[in-house]
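Remarks on the overall topology
Residue-level listing of the chains:
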Amino acid sequence: MHTDTERCVRAVQSKEARFDGVFFTAVRTTRIYCRPSCPAVPPKPENMEFHPSAASCQRAGFRACKRCRPDTSPGSPEWNVRADAVARAVRLIQDGVVDREGVPGLARRLGWSTRQIERQLLAELGAGPLALARAQRAQTARLLIETTSMPFGEIAFAAGFSSIRTFNDTVREVFALTPGELRARAARRSPVRAAATPGVISLRLPYRAPLEPSNLFGHLAATAVPGVEEWRDGAYRRTLSLPYGHGIVALAPRDGHIACRLSLTDPRDLTNAISRCRRLLDLDADPVAVDERLRADPLLAPLVDKAPGRRVPGTVDPAEFAVRAVLGQQVSTAAARTHAARLVTAHGVPVDDPEGGLTHLFPGPEALAALDPETLALPRSRRTTLLTLVRALADGSLPLGPADDREEARARLLALPGFGPWTTEIIAMRALGDPDAFLPGDLGVRRAAEGLGLPGTPAALTARAAHWRPWRAYAVQYLWATDDHPINHLPA
(Lines give C-alpha, C1' and ligand atoms only; values in the text may rest on other atoms or scores of the structure.)
Protein backbone atom coordinates (compact mmCIF):
# COMPACT_ATOMS: atom_id res chain seq x y z
CA MET A 1 0.00 0.00 0.00
CA HIS A 2 2.89 2.40 0.67
CA THR A 3 3.28 2.96 -3.08
CA ASP A 4 -0.27 4.36 -3.36
CA THR A 5 0.61 7.91 -2.30
CA GLU A 6 -2.89 9.36 -2.66
CA ARG A 7 -4.47 6.64 -0.51
CA CYS A 8 -1.73 6.95 2.13
CA VAL A 9 -2.19 10.73 2.33
CA ARG A 10 -5.94 10.28 2.84
CA ALA A 11 -5.30 7.72 5.61
CA VAL A 12 -2.87 10.07 7.39
CA GLN A 13 -5.17 13.08 7.11
CA SER A 14 -8.11 11.07 8.52
CA LYS A 15 -5.86 9.42 11.16
CA GLU A 16 -7.07 5.90 10.31
CA ALA A 17 -5.72 3.53 12.98
CA ARG A 18 -6.61 0.61 10.72
CA PHE A 19 -3.44 1.29 8.72
CA ASP A 20 -1.07 1.43 11.71
CA GLY A 21 1.67 -1.06 10.94
CA VAL A 22 0.57 -1.42 7.30
CA PHE A 23 2.69 1.57 6.29
CA PHE A 24 4.65 4.34 8.02
CA THR A 25 4.73 8.08 7.32
CA ALA A 26 8.14 9.73 7.24
CA VAL A 27 8.28 13.53 7.40
CA ARG A 28 11.16 14.98 5.39
CA THR A 29 11.28 18.30 7.26
CA THR A 30 11.49 16.87 10.79
CA ARG A 31 13.20 13.54 9.93
CA ILE A 32 10.60 11.77 12.09
CA TYR A 33 8.45 8.78 11.14
CA CYS A 34 4.95 8.16 12.52
CA ARG A 35 2.05 5.74 12.38
CA PRO A 36 -0.88 6.93 10.19
CA SER A 37 -3.03 7.64 13.26
CA CYS A 38 -0.47 9.95 14.92
CA PRO A 39 -2.41 12.59 16.91
CA ALA A 40 -0.10 15.40 15.79
CA VAL A 41 -1.21 17.82 13.06
CA PRO A 42 -0.65 16.00 9.73
CA PRO A 43 2.30 17.35 7.71
CA LYS A 44 1.87 18.81 4.26
CA PRO A 45 1.54 16.07 1.61
CA GLU A 46 4.64 17.29 -0.21
CA ASN A 47 6.68 16.67 2.98
CA MET A 48 5.50 13.08 3.39
CA GLU A 49 7.05 9.89 2.13
CA PHE A 50 5.75 6.41 2.86
CA HIS A 51 7.58 3.26 3.89
CA PRO A 52 6.45 -0.38 4.25
CA SER A 53 8.26 -0.96 7.56
CA ALA A 54 9.78 0.81 10.55
CA ALA A 55 13.12 -0.67 9.53
CA SER A 56 12.85 1.04 6.13
CA CYS A 57 12.25 4.38 7.87
CA GLN A 58 15.23 3.87 10.16
CA ARG A 59 17.41 2.81 7.24
CA ALA A 60 16.49 6.07 5.47
CA GLY A 61 17.61 8.10 8.52
CA PHE A 62 14.28 8.84 10.21
CA ARG A 63 13.71 8.46 13.96
CA ALA A 64 10.58 7.30 15.76
CA CYS A 65 7.96 9.84 16.80
CA LYS A 66 7.90 10.24 20.59
CA ARG A 67 4.18 10.94 20.57
CA CYS A 68 2.63 8.09 18.56
CA ARG A 69 5.47 5.57 19.12
CA PRO A 70 5.23 3.89 15.70
CA ASP A 71 7.52 1.05 16.77
CA THR A 72 4.64 -0.27 18.91
CA SER A 73 2.15 -0.51 16.02
CA PRO A 74 0.41 -3.83 15.35
CA GLY A 75 2.15 -5.96 12.75
CA SER A 76 1.04 -5.74 9.14
CA PRO A 77 -1.79 -8.21 8.41
CA GLU A 78 -0.26 -8.84 5.00
CA TRP A 79 2.37 -11.21 6.38
CA ASN A 80 -0.26 -13.51 7.93
CA VAL A 81 -2.40 -13.61 4.79
CA ARG A 82 0.42 -14.23 2.37
CA ALA A 83 2.06 -17.63 2.21
CA ASP A 84 5.03 -16.84 -0.05
CA ALA A 85 8.66 -16.95 0.98
CA VAL A 86 8.88 -13.23 1.81
CA ALA A 87 5.95 -13.49 4.23
CA ARG A 88 7.48 -16.61 5.79
CA ALA A 89 10.80 -14.78 6.16
CA VAL A 90 9.07 -11.89 7.95
CA ARG A 91 7.35 -14.28 10.35
CA LEU A 92 10.67 -15.94 11.15
CA ILE A 93 12.35 -12.60 11.79
CA GLN A 94 9.47 -11.70 14.11
CA ASP A 95 10.21 -14.94 15.97
CA GLY A 96 13.81 -13.84 16.52
CA VAL A 97 15.46 -16.34 14.17
CA VAL A 98 18.00 -13.79 12.86
CA ASP A 99 19.06 -12.95 16.42
CA ARG A 100 19.55 -16.62 17.29
CA GLU A 101 20.84 -18.07 14.00
CA GLY A 102 21.85 -15.08 11.88
CA VAL A 103 20.91 -14.47 8.25
CA PRO A 104 22.47 -17.82 7.19
CA GLY A 105 20.09 -19.59 9.60
CA LEU A 106 17.13 -17.70 8.12
CA ALA A 107 18.29 -18.66 4.61
CA ARG A 108 18.67 -22.30 5.61
CA ARG A 109 15.12 -22.47 6.94
CA LEU A 110 13.71 -20.96 3.75
CA GLY A 111 15.92 -22.84 1.31
CA TRP A 112 17.19 -19.56 -0.12
CA SER A 113 20.60 -17.98 -0.48
CA THR A 114 21.38 -15.01 1.75
CA ARG A 115 21.63 -12.86 -1.37
CA GLN A 116 18.10 -13.82 -2.44
CA ILE A 117 16.75 -12.93 0.99
CA GLU A 118 18.48 -9.55 1.00
CA ARG A 119 17.19 -8.72 -2.49
CA GLN A 120 13.59 -9.83 -1.93
CA LEU A 121 13.14 -8.21 1.48
CA LEU A 122 14.76 -4.98 0.32
CA ALA A 123 12.40 -4.85 -2.66
CA GLU A 124 9.24 -5.41 -0.60
CA LEU A 125 10.02 -3.88 2.79
CA GLY A 126 12.73 -1.38 2.01
CA ALA A 127 15.11 -3.13 4.41
CA GLY A 128 17.07 -6.36 4.55
CA PRO A 129 16.86 -9.04 7.26
CA LEU A 130 19.53 -7.43 9.46
CA ALA A 131 17.76 -4.06 9.39
CA LEU A 132 14.41 -5.68 10.15
CA ALA A 133 15.95 -7.60 13.05
CA ARG A 134 17.65 -4.43 14.29
CA ALA A 135 14.32 -2.57 14.36
CA GLN A 136 12.81 -5.44 16.32
CA ARG A 137 15.72 -5.45 18.77
CA ALA A 138 15.18 -1.74 19.32
CA GLN A 139 11.52 -2.33 20.13
CA THR A 140 12.38 -5.18 22.51
CA ALA A 141 14.99 -3.00 24.21
CA ARG A 142 12.45 -0.23 24.65
CA LEU A 143 10.00 -2.63 26.29
CA LEU A 144 12.61 -3.86 28.75
CA ILE A 145 13.84 -0.34 29.49
CA GLU A 146 10.35 0.96 30.19
CA THR A 147 8.75 -2.01 31.96
CA THR A 148 11.56 -3.50 34.04
CA SER A 149 14.34 -2.37 36.36
CA MET A 150 16.94 -4.56 34.62
CA PRO A 151 20.39 -2.99 34.24
CA PHE A 152 21.01 -1.67 30.76
CA GLY A 153 23.86 -4.10 30.18
CA GLU A 154 21.52 -7.05 30.76
CA ILE A 155 18.86 -5.45 28.55
CA ALA A 156 21.34 -5.04 25.71
CA PHE A 157 22.11 -8.74 25.51
CA ALA A 158 18.54 -9.83 26.30
CA ALA A 159 17.29 -7.76 23.35
CA GLY A 160 19.82 -9.43 21.04
CA PHE A 161 22.49 -6.73 20.72
CA SER A 162 26.09 -7.90 20.40
CA SER A 163 27.50 -5.13 22.58
CA ILE A 164 26.39 -2.41 24.98
CA ARG A 165 27.81 0.22 22.63
CA THR A 166 25.64 -1.02 19.75
CA PHE A 167 22.65 -1.03 22.08
CA ASN A 168 23.27 2.57 23.18
CA ASP A 169 23.88 3.80 19.63
CA THR A 170 20.76 2.09 18.27
CA VAL A 171 18.46 3.40 21.00
CA ARG A 172 19.74 6.96 20.51
CA GLU A 173 19.44 6.71 16.73
CA VAL A 174 15.94 5.18 16.64
CA PHE A 175 14.30 7.04 19.52
CA ALA A 176 16.44 10.20 19.77
CA LEU A 177 16.79 9.45 23.49
CA THR A 178 19.38 7.61 25.58
CA PRO A 179 18.28 4.47 27.46
CA GLY A 180 18.36 6.47 30.69
CA GLU A 181 16.11 9.16 29.22
CA LEU A 182 13.66 6.53 27.96
CA ARG A 183 13.42 4.99 31.42
CA ALA A 184 12.98 8.39 33.07
CA ARG A 185 10.14 9.30 30.67
CA ALA A 186 8.42 5.98 31.35
CA ALA A 187 8.72 6.55 35.11
CA ARG A 188 7.07 9.96 34.78
CA ARG A 189 4.20 8.49 32.74
CA SER A 190 3.66 5.60 35.13
CA PRO A 191 5.11 6.22 38.61
CA VAL A 192 3.81 2.88 39.95
CA ARG A 193 6.00 0.91 37.57
CA ALA A 194 8.77 0.58 40.15
CA ALA A 195 6.44 -1.47 42.36
CA ALA A 196 6.02 -4.16 39.70
CA THR A 197 6.68 -7.78 40.59
CA PRO A 198 10.40 -8.61 40.16
CA GLY A 199 11.05 -10.80 37.12
CA VAL A 200 7.65 -10.03 35.57
CA ILE A 201 7.40 -7.95 32.39
CA SER A 202 4.09 -6.14 31.94
CA LEU A 203 3.22 -4.71 28.54
CA ARG A 204 0.37 -3.86 26.22
CA LEU A 205 -0.18 -5.80 23.01
CA PRO A 206 -1.81 -3.49 20.45
CA TYR A 207 -4.39 -4.58 17.89
CA ARG A 208 -6.63 -3.08 15.22
CA ALA A 209 -10.15 -2.42 16.44
CA PRO A 210 -12.67 -3.86 16.70
CA LEU A 211 -11.85 -7.01 18.65
CA GLU A 212 -14.57 -9.35 19.91
CA PRO A 213 -13.02 -11.21 22.88
CA SER A 214 -15.85 -13.68 23.63
CA ASN A 215 -15.01 -16.48 21.22
CA LEU A 216 -11.28 -15.76 21.34
CA PHE A 217 -10.77 -16.10 25.10
CA GLY A 218 -13.81 -18.36 25.46
CA HIS A 219 -12.23 -20.91 23.13
CA LEU A 220 -8.89 -20.83 24.93
CA ALA A 221 -10.50 -21.15 28.37
CA ALA A 222 -12.99 -23.87 27.41
CA THR A 223 -10.31 -26.08 25.86
CA ALA A 224 -7.57 -25.33 28.42
CA VAL A 225 -5.40 -28.31 29.37
CA PRO A 226 -5.13 -28.56 33.19
CA GLY A 227 -1.62 -27.78 34.40
CA VAL A 228 -0.67 -26.03 31.13
CA GLU A 229 -3.49 -23.49 30.82
CA GLU A 230 -6.03 -21.85 33.09
CA TRP A 231 -8.45 -18.94 33.37
CA ARG A 232 -7.73 -16.99 36.54
CA ASP A 233 -8.73 -13.50 37.71
CA GLY A 234 -10.02 -12.45 34.31
CA ALA A 235 -6.95 -13.60 32.38
CA TYR A 236 -5.95 -16.58 30.26
CA ARG A 237 -2.70 -17.99 31.64
CA ARG A 238 -0.41 -20.67 30.23
CA THR A 239 3.13 -22.03 30.23
CA LEU A 240 5.47 -21.49 27.28
CA SER A 241 8.37 -23.60 25.98
CA LEU A 242 10.83 -21.09 24.52
CA PRO A 243 14.21 -21.27 22.76
CA TYR A 244 16.29 -20.30 25.82
CA GLY A 245 14.05 -21.51 28.64
CA HIS A 246 10.40 -21.40 29.60
CA GLY A 247 7.89 -18.82 30.70
CA ILE A 248 4.38 -18.13 31.96
CA VAL A 249 2.11 -15.59 30.33
CA ALA A 250 -1.17 -14.01 31.44
CA LEU A 251 -3.32 -12.35 28.77
CA ALA A 252 -6.41 -10.27 29.50
CA PRO A 253 -8.65 -8.25 27.16
CA ARG A 254 -8.68 -4.51 27.81
CA ASP A 255 -10.09 -1.50 26.00
CA GLY A 256 -7.77 -0.91 23.04
CA HIS A 257 -5.12 -3.47 23.97
CA ILE A 258 -4.38 -6.87 25.48
CA ALA A 259 -2.73 -6.72 28.90
CA CYS A 260 0.23 -9.12 28.90
CA ARG A 261 2.27 -10.25 31.92
CA LEU A 262 5.30 -12.38 31.12
CA SER A 263 7.52 -14.27 33.52
CA LEU A 264 10.59 -15.64 31.69
CA THR A 265 13.49 -17.75 32.89
CA ASP A 266 15.65 -16.00 30.25
CA PRO A 267 14.82 -12.45 29.04
CA ARG A 268 16.30 -13.26 25.62
CA ASP A 269 13.01 -15.06 24.95
CA LEU A 270 10.95 -11.86 25.14
CA THR A 271 10.75 -11.25 21.37
CA ASN A 272 9.76 -14.85 20.67
CA ALA A 273 7.22 -14.89 23.50
CA ILE A 274 5.52 -11.71 22.26
CA SER A 275 5.40 -13.07 18.71
CA ARG A 276 3.75 -16.28 19.94
CA CYS A 277 1.18 -14.38 22.01
CA ARG A 278 0.26 -12.20 19.05
CA ARG A 279 -0.26 -15.28 16.87
CA LEU A 280 -2.25 -16.98 19.63
CA LEU A 281 -4.71 -14.07 19.76
CA ASP A 282 -4.56 -13.17 16.04
CA LEU A 283 -3.67 -9.59 16.96
CA ASP A 284 -2.24 -8.59 13.58
CA ALA A 285 -5.52 -9.21 11.74
CA ASP A 286 -7.36 -6.47 9.86
CA PRO A 287 -10.93 -6.95 11.14
CA VAL A 288 -12.32 -4.19 8.93
CA ALA A 289 -11.16 -5.94 5.75
CA VAL A 290 -12.36 -9.32 7.04
CA ASP A 291 -15.78 -8.09 8.08
CA GLU A 292 -16.29 -6.11 4.88
CA ARG A 293 -15.88 -9.26 2.82
CA LEU A 294 -18.07 -11.46 5.04
CA ARG A 295 -20.74 -8.77 5.43
CA ALA A 296 -21.20 -8.81 1.66
CA ASP A 297 -22.99 -12.15 2.10
CA PRO A 298 -26.52 -11.23 3.26
CA LEU A 299 -26.80 -14.41 5.32
CA LEU A 300 -23.56 -13.72 7.23
CA ALA A 301 -24.10 -9.97 7.58
CA PRO A 302 -26.32 -10.17 10.71
CA LEU A 303 -23.70 -12.30 12.48
CA VAL A 304 -20.95 -9.83 11.61
CA ASP A 305 -23.02 -6.82 12.63
CA LYS A 306 -23.91 -8.44 15.96
CA ALA A 307 -20.28 -8.95 17.06
CA PRO A 308 -17.74 -7.50 14.61
CA GLY A 309 -14.04 -8.17 15.00
CA ARG A 310 -13.97 -11.88 15.74
CA ARG A 311 -10.49 -13.37 15.66
CA VAL A 312 -9.27 -16.89 14.92
CA PRO A 313 -7.72 -18.43 18.06
CA GLY A 314 -4.21 -19.62 17.25
CA THR A 315 -1.54 -21.43 19.22
CA VAL A 316 1.82 -20.74 20.84
CA ASP A 317 3.21 -24.08 19.60
CA PRO A 318 2.09 -25.66 16.30
CA ALA A 319 3.36 -29.12 17.30
CA GLU A 320 1.41 -28.98 20.56
CA PHE A 321 -1.77 -28.03 18.75
CA ALA A 322 -1.36 -30.84 16.20
CA VAL A 323 -1.13 -33.36 19.06
CA ARG A 324 -4.19 -31.87 20.72
CA ALA A 325 -6.12 -31.95 17.43
CA VAL A 326 -5.57 -35.71 17.20
CA LEU A 327 -6.60 -36.17 20.83
CA GLY A 328 -9.77 -34.23 20.05
CA GLN A 329 -10.85 -36.35 17.09
CA GLN A 330 -14.47 -37.53 17.51
CA VAL A 331 -14.60 -36.81 21.26
CA SER A 332 -16.02 -34.03 23.41
CA THR A 333 -14.04 -30.98 24.54
CA ALA A 334 -13.93 -32.40 28.08
CA ALA A 335 -12.60 -35.76 26.89
CA ALA A 336 -9.91 -34.08 24.78
CA ARG A 337 -8.79 -32.06 27.80
CA THR A 338 -8.62 -35.22 29.91
CA HIS A 339 -6.46 -37.06 27.36
CA ALA A 340 -4.12 -34.08 27.02
CA ALA A 341 -3.86 -33.67 30.81
CA ARG A 342 -2.73 -37.29 31.16
CA LEU A 343 0.05 -36.75 28.63
CA VAL A 344 1.11 -33.57 30.42
CA THR A 345 1.25 -35.25 33.84
CA ALA A 346 3.20 -38.23 32.52
CA HIS A 347 5.60 -36.52 30.12
CA GLY A 348 5.55 -32.75 30.68
CA VAL A 349 8.37 -30.82 32.34
CA PRO A 350 7.33 -29.50 35.79
CA VAL A 351 7.40 -25.73 36.37
CA ASP A 352 6.80 -23.44 39.36
CA ASP A 353 3.93 -20.96 39.25
CA PRO A 354 3.79 -18.75 42.36
CA GLU A 355 0.82 -16.78 41.00
CA GLY A 356 -1.49 -19.62 39.97
CA GLY A 357 -2.08 -23.29 39.34
CA LEU A 358 0.10 -24.05 36.32
CA THR A 359 2.33 -27.07 36.84
CA HIS A 360 3.87 -28.28 33.56
CA LEU A 361 5.06 -27.46 30.08
CA PHE A 362 3.24 -29.36 27.35
CA PRO A 363 5.51 -32.27 26.32
CA GLY A 364 7.37 -31.82 23.05
CA PRO A 365 7.35 -34.32 20.15
CA GLU A 366 10.68 -35.81 21.22
CA ALA A 367 9.27 -36.73 24.64
CA LEU A 368 6.06 -38.14 23.17
CA ALA A 369 7.76 -40.11 20.39
CA ALA A 370 9.14 -42.58 22.93
CA LEU A 371 5.94 -43.18 24.89
CA ASP A 372 4.45 -46.66 25.27
CA PRO A 373 1.23 -46.84 23.18
CA GLU A 374 -0.31 -49.24 25.69
CA THR A 375 -0.38 -46.42 28.25
CA LEU A 376 -2.73 -44.37 26.07
CA ALA A 377 -6.43 -44.65 26.88
CA LEU A 378 -7.30 -44.28 23.21
CA PRO A 379 -8.66 -46.57 20.48
CA ARG A 380 -5.89 -48.47 18.73
CA SER A 381 -6.30 -46.52 15.48
CA ARG A 382 -6.00 -43.21 17.36
CA ARG A 383 -2.83 -44.44 19.08
CA THR A 384 -1.32 -45.15 15.67
CA THR A 385 -2.31 -41.73 14.42
CA LEU A 386 -0.82 -39.99 17.45
CA LEU A 387 2.45 -41.91 17.45
CA THR A 388 2.93 -41.46 13.71
CA LEU A 389 2.33 -37.73 14.10
CA VAL A 390 4.75 -37.16 17.00
CA ARG A 391 7.47 -39.21 15.34
CA ALA A 392 7.12 -37.19 12.15
CA LEU A 393 7.28 -33.98 14.17
CA ALA A 394 10.29 -35.22 16.15
CA ASP A 395 12.37 -36.28 13.14
CA GLY A 396 11.56 -33.14 11.16
CA SER A 397 9.71 -34.85 8.31
CA LEU A 398 6.58 -32.86 9.23
CA PRO A 399 7.62 -29.23 9.80
CA LEU A 400 4.88 -27.05 11.27
CA GLY A 401 5.94 -23.48 11.88
CA PRO A 402 5.70 -19.87 10.71
CA ALA A 403 8.15 -20.45 7.84
CA ASP A 404 6.63 -23.64 6.50
CA ASP A 405 4.58 -23.86 3.33
CA ARG A 406 0.92 -24.30 4.25
CA GLU A 407 -0.07 -26.36 1.23
CA GLU A 408 2.92 -28.67 1.62
CA ALA A 409 2.05 -29.12 5.31
CA ARG A 410 -1.53 -30.01 4.35
CA ALA A 411 -0.30 -32.63 1.90
CA ARG A 412 2.03 -34.20 4.47
CA LEU A 413 -0.70 -34.26 7.13
CA LEU A 414 -3.19 -35.92 4.80
CA ALA A 415 -0.58 -38.60 4.02
CA LEU A 416 -0.49 -39.66 7.69
CA PRO A 417 -2.82 -42.44 8.89
CA GLY A 418 -5.95 -41.17 10.57
CA PHE A 419 -5.75 -37.66 9.12
CA GLY A 420 -8.77 -36.46 7.21
CA PRO A 421 -9.92 -33.04 6.00
CA TRP A 422 -11.24 -31.88 9.40
CA THR A 423 -8.01 -32.54 11.34
CA THR A 424 -5.86 -31.14 8.54
CA GLU A 425 -7.87 -27.95 8.20
CA ILE A 426 -8.14 -27.27 11.94
CA ILE A 427 -4.34 -27.54 12.14
CA ALA A 428 -3.99 -25.26 9.10
CA MET A 429 -6.35 -22.77 10.72
CA ARG A 430 -4.96 -22.63 14.23
CA ALA A 431 -1.39 -23.96 14.04
CA LEU A 432 -0.32 -22.63 10.64
CA GLY A 433 -2.39 -19.43 10.85
CA ASP A 434 -4.05 -19.86 7.45
CA PRO A 435 -6.86 -17.24 7.33
CA ASP A 436 -8.57 -19.16 4.53
CA ALA A 437 -8.71 -22.60 6.20
CA PHE A 438 -12.23 -24.01 6.06
CA LEU A 439 -14.16 -26.78 7.83
CA PRO A 440 -17.26 -27.54 5.71
CA GLY A 441 -17.66 -30.97 7.31
CA ASP A 442 -17.54 -29.74 10.91
CA LEU A 443 -20.78 -30.54 12.72
CA GLY A 444 -21.05 -27.08 14.30
CA VAL A 445 -20.41 -25.35 10.97
CA ARG A 446 -22.97 -27.48 9.15
CA ARG A 447 -25.59 -26.97 11.86
CA ALA A 448 -25.05 -23.20 11.80
CA ALA A 449 -25.12 -23.12 8.00
CA GLU A 450 -28.42 -24.95 7.83
CA GLY A 451 -29.89 -22.64 10.46
CA LEU A 452 -28.95 -19.60 8.37
CA GLY A 453 -30.23 -21.06 5.13
CA LEU A 454 -26.75 -21.79 3.74
CA PRO A 455 -26.08 -25.08 1.93
CA GLY A 456 -25.83 -28.01 4.32
CA THR A 457 -23.57 -30.41 2.41
CA PRO A 458 -19.79 -29.90 2.53
CA ALA A 459 -19.45 -29.63 -1.26
CA ALA A 460 -22.26 -27.09 -1.64
CA LEU A 461 -21.10 -25.07 1.37
CA THR A 462 -17.54 -24.98 0.01
CA ALA A 463 -18.85 -23.66 -3.29
CA ARG A 464 -20.84 -20.94 -1.51
CA ALA A 465 -17.86 -20.08 0.70
CA ALA A 466 -15.76 -19.17 -2.34
CA HIS A 467 -17.21 -15.66 -1.94
CA TRP A 468 -15.73 -15.43 1.56
CA ARG A 469 -12.14 -16.00 0.48
CA PRO A 470 -9.48 -15.32 1.67
CA TRP A 471 -11.21 -15.10 5.08
CA ARG A 472 -13.05 -18.41 5.39
CA ALA A 473 -11.41 -19.19 8.77
CA TYR A 474 -13.11 -16.07 10.15
CA ALA A 475 -16.42 -17.13 8.65
CA VAL A 476 -16.07 -20.36 10.63
CA GLN A 477 -15.76 -18.31 13.84
CA TYR A 478 -18.97 -16.43 13.05
CA LEU A 479 -20.78 -19.69 12.24
CA TRP A 480 -19.57 -21.39 15.42
CA ALA A 481 -20.74 -18.37 17.43
CA THR A 482 -24.39 -19.19 16.65
CA ASP A 483 -24.15 -22.12 19.09
CA ASP A 484 -24.42 -21.73 22.86
CA HIS A 485 -21.18 -23.64 23.49
CA PRO A 486 -18.75 -22.47 26.22
CA ILE A 487 -16.14 -21.70 23.55
CA ASN A 488 -18.29 -18.73 22.51
CA HIS A 489 -18.51 -17.03 25.91
CA LEU A 490 -15.97 -15.00 27.84
CA PRO A 491 -15.47 -16.82 31.17
CA ALA A 492 -16.82 -15.15 34.27
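Here the structure is a predicted model, which means the values were calculated and not measured.

**Description of the environment of R237**
Here R237 is to be found in strand β7 (residues 235–241). If sequence neighbours within four positions are ignored, R237 has contacts with V228, E229, E230, R232, I248, V249, A250, D353, E355, G356, G357 and L358. A polar side-chain atom of R237 sits 2.5 Å from a polar atom in the side chain of E230. Only 2.8 Å separates the side chain of R237 from the side chain of D353, close enough to count as a polar contact.

**Some remarks on the sheet that holds strand β9 (residues 257–264)**
One open sheet holds the five strands; their spatial order is β5-β9-β8-β7-β6, and the pairing between them is antiparallel. Bordering the open sheet on either side are β5 (200–206) and β6 (229–232), each of which pairs with just one other strand. Geometrically, the sheet is characterised by an average inter-axis angle of 25° between neighbouring strands, direction not taken into account.

**A short note on the sheet that holds strand β4 (residues 63–64)**
The sheet built from four strands is open, its strands ordered β3-β1-β2-β4 with mixed pairing. Sheet topology places β3 (48–51) and β4 at the edges, where each strand pairs with a single neighbour. Two elements, strand β1 (residues 24–27) and strand β2 (residues 32–34), share three bridges in a ladder whose sense is antiparallel. Residue V27 lies in a different strand from β2, and its bridge partner there is I32. With respect to the sheet, helix α1 (residues 5–13) is in contact with β1 and β3, its orientation differing from that of β3 by roughly 105°.

**Side note on the packing of aromatic side chains**
Applying the stated criterion to the full structure yields eight aromatic pairs. When the centroid spacing of 5.6 Å and the interplanar angle of 85° are considered together, the rings of F23 and F50 count as edge-to-face. Placement of F23 in the loop between α1 and β1 and of F50 in strand β3 is noted, with a sequence separation of 27 residues between them. Accessibility classification places F23 together with F50 in one group, the buried group.

**Structural notes on the confidence of the model for the chain**
The predicted model of the chain has a mean per-residue pLDDT of 93, with 98% of residues at 70 or higher. For the chain, the element scoring lowest by mean pLDDT is helix α3 (residues 78–81), at 82; β7 scores highest, at 98.

**Thoughts on the environment of F175**
Here F175 shows up in helix α9 (residues 164–175). C-alpha separation for the pair F175 and I155, spaced 20 residues apart in sequence, amounts to 16 Å. Ignoring any residue separated from it by four or fewer positions in sequence, one finds F175 in contact with A64, K66, D71, A138, R142 and L182.

**Some remarks on the nonpolar core**
Ranked by size, the top nonpolar core spans 63 residues in total, and within it L294, V323, L386, L389, I427 and W468 carry the most contacts. For L386, the contacting residues outside a window of four places in its chain are V323, V326, L327, L343, L376 and L378. Among the nonpolar cores identified, the runner-up in size contains 49 residues, and L220, L262, L281 and L283 belong to it.

**Some points on the pairing of β7**
Taken across its seven residues, β7 has six buried, putting it largely inside the fold. Looking at chain direction, β6 and β7 are connected through four bridges and run antiparallel. The residue bridging E229 from the neighbouring strand is R238, located in β7. What sits between the antiparallel neighbours β6 and β7 is a turn of two residues, in which D233 has the positive phi angle 55°. Turn length for the β7-strand β8 (residues 246–254) hairpin, with the two strands adjacent in sequence and antiparallel, is four residues.

**Side note on helix α16 (residues 333–347)**
Here α16 spans 21 Å end to end across 15 residues, near enough to the 21 Å set by a 1.5 Å rise per residue. Where α16 is concerned, the buried positions are A336, H339, A340, A341, L343 and V344. Along its buried surface, α16 packs onto α15 (318–327), α17 (365–369) and α18 (380–395).

**Examining the UniProt feature "domain: HTH araC/xylS-type" (unreviewed entry) in the chain**
Under the present numbering, the feature "domain: HTH araC/xylS-type" (unreviewed entry) in UniProt falls on residues 87–185. Helix and strand shares over residues 87–185 are 80% and 0% respectively, and the end C-alpha atoms of the span are 35 Å apart.

**Quick word on helix α7 (residues 129–147)**
Relative to the 27 Å expected for 19 residues at 1.5 Å per residue, α7 spans 27 Å between its end C-alpha atoms, a close match to the ideal helical length. For α7, the tally of buried residues reaches 15 of 19 residues, placing the bulk of the element in the interior.

**Description of the pattern of salt bridges**
Following the criterion strictly, the structure yields 38 salt bridges and no others. The closest approach of N and O atoms between D286 and R18, which form a salt bridge, is 3.0 Å. In this pair, D286 is assigned in the loop between α12 (270–281) and α13 (287–295) and R18 in the loop between α1 and β1, connecting sequence segments 268 residues apart. With a relative accessible area of 22%, R18 lands in the partly exposed category. Among the ionic pairs, R268 bridges to D266, the shortest N-O distance being 2.8 Å. On the basis of relative accessibility, which here comes to 40%, the residue R268 falls in the partly exposed class. On the basis of relative accessible area, D266 is assigned to the buried category, the value being 14%. Here the salt bridges do not stand alone but share partners, grouping R69, D71, R142, E146 and R189 into one network.

Cut-offs used in this document
Residues numbered from 1 in each chain as written. Predicted model: local features only at pLDDT ≥ 70, side-chain atom pairs only at ≥ 80, totals over all residues. Heavy atoms only, no water. Helix = DSSP H or I, 4+ residues; strand = E, 2+ residues; numbered from the N terminus. Contact = heavy atoms within 4.5 Å. Polar contact = N/O pair within 3.5 Å; in protein donor to acceptor, adjacent residues only side chain to side chain. Pairing = 2+ DSSP bridges. Axes fitted to C-alpha atoms, helices over the stretch in contact; angles between N-to-C directions. Phe/Tyr/Trp six-rings, centres within 6.5 Å; stacked < 30°, edge-to-face > 60°. Buried < 20%, exposed > 50% of the residue type's maximum accessible area, 1.4 Å probe, protein only. pLDDT = per-residue confidence, 0-100. Core = buried A, V, L, I, M, F, W, Y, C linked by side-chain atoms within 4.5 Å. Expected span 1.5 Å × (residues − 1). UniProt positions renumbered as here; feature names shortened; annotations may be inferred. Salt bridge = Lys/Arg side-chain N within 4 Å of Asp/Glu carboxyl O.

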